[in-house]
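Chains, contacts and geometry: an overview
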Amino acid sequence: MKFTNVDDNEDYCSICLDGGEEHILCCDFCPKVFHLSCHIPPFKNGPPEGNWECNYCTKKEQIDKIISKFPEEEGLPLVETNQRHYLLACKFMMECYKIPQIPTMRWVFPCGYMETIGNGKMPYHLKYIYLRLSQADPKPFPSVITFLQAFRKMFIQAFTFYKGSPQYKNCLDHASECFEKFLSLVDQYYPEHRAEFNDVH
Ligand SMILES: [Zn+2]
Ligand SMILES: [Zn+2]
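Notes on the structure in this doc start here. What you see is a predicted model; the values in this text were computed from it and never measured. (Residues numbered from 1 in each chain as written. Chains lettered and ligands numbered in written order. Predicted model: local features only at pLDDT ≥ 70, side-chain atom pairs only at ≥ 80, totals over all residues.)

Section: the overall build of the protein chain
- The helix and strand inventory of the protein chain stands at six helices and three strands.
- A total of 201 residues make up the protein chain; the buried ones form 28% of that total. (Helix = DSSP H or I, 4+ residues; strand = E, 2+ residues; numbered from the N terminus. Buried ≥ 20, exposed ≤ 12 C-beta atoms within 10 Å, placed from the backbone.)

Right, dumping it as structure tokens:
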């Protein structure tokens, strides 16, 4: 593990896109850097020791080998019951945040939603899912299904809103591209759940 100011690493945290005053953690295997609290999963007890590989660089096959202590149990956070499923969800989430990636899923956000049908409420978007997964939220995901359902909700909300608002045609196109990208990630990570998204768009 090394901290920033190393020439070959990026200047901004890959998740929040901010440089910030706080120490930034640099991956030893790629140019990506992260705040301790932004990496997925976050580092709550200080930086990791020795050479450190970020979750972009961790191979899915490595995570697949983790033996979990308990089966998923309804009501308990995934992080406590099934480490393998939790870390895989974290890696999936990282892929959703990946920059540069066009289209980027962080902006599937119905613009104009709050002012029109949202009654001032924010629409459901990627950061909510991220916060629930990284446990900064009081309602962490109890299962892989609930994690994936959150994406389903985000896309359905965006499509429903945009389709009813012709002035947001560009946003609809962007959301559609993001959804294609999302489906390709589901194919890769959760092929057994792919059919659950057939009716979304
Ligand atoms: Zn950050
Ligand atoms: Zn890396």
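Description of helix 3 (residues 83–97)
- In this model, helix 3 (15 residues) spans 21 Å end to end at C-alpha, consistent with the 21 Å of a helix rising 1.5 Å per residue.
- Summarising burial for helix 3: 13 of the 15 residues are buried, a large majority. (Expected span 1.5 Å × (residues − 1).)

Let's talk about the nonpolar core
- Core analysis: the biggest nonpolar cluster contains 44 residues, and Phe 34, Ala 89, Cys 90, Met 93, Val 108, Leu 133 and Met 154 have the highest contact counts within it.
- Here the element with the most residues in this core is helix 3; it accounts for ten residues.
- Residue-level mapping places this core at the junction of two domains, with at least three residues from each of domain 1 (1–54) and domain 2 (58–197).
- In contact with Ala 89, not counting residues within four places along its chain, are Leu 78, Leu 133, Val 144 and Phe 147. (Core = buried A, V, L, I, M, F, W, Y, C linked by C-beta atoms within 7 Å. Domains from an automatic or database assignment. Contact = placed C-beta atoms within 7 Å.)

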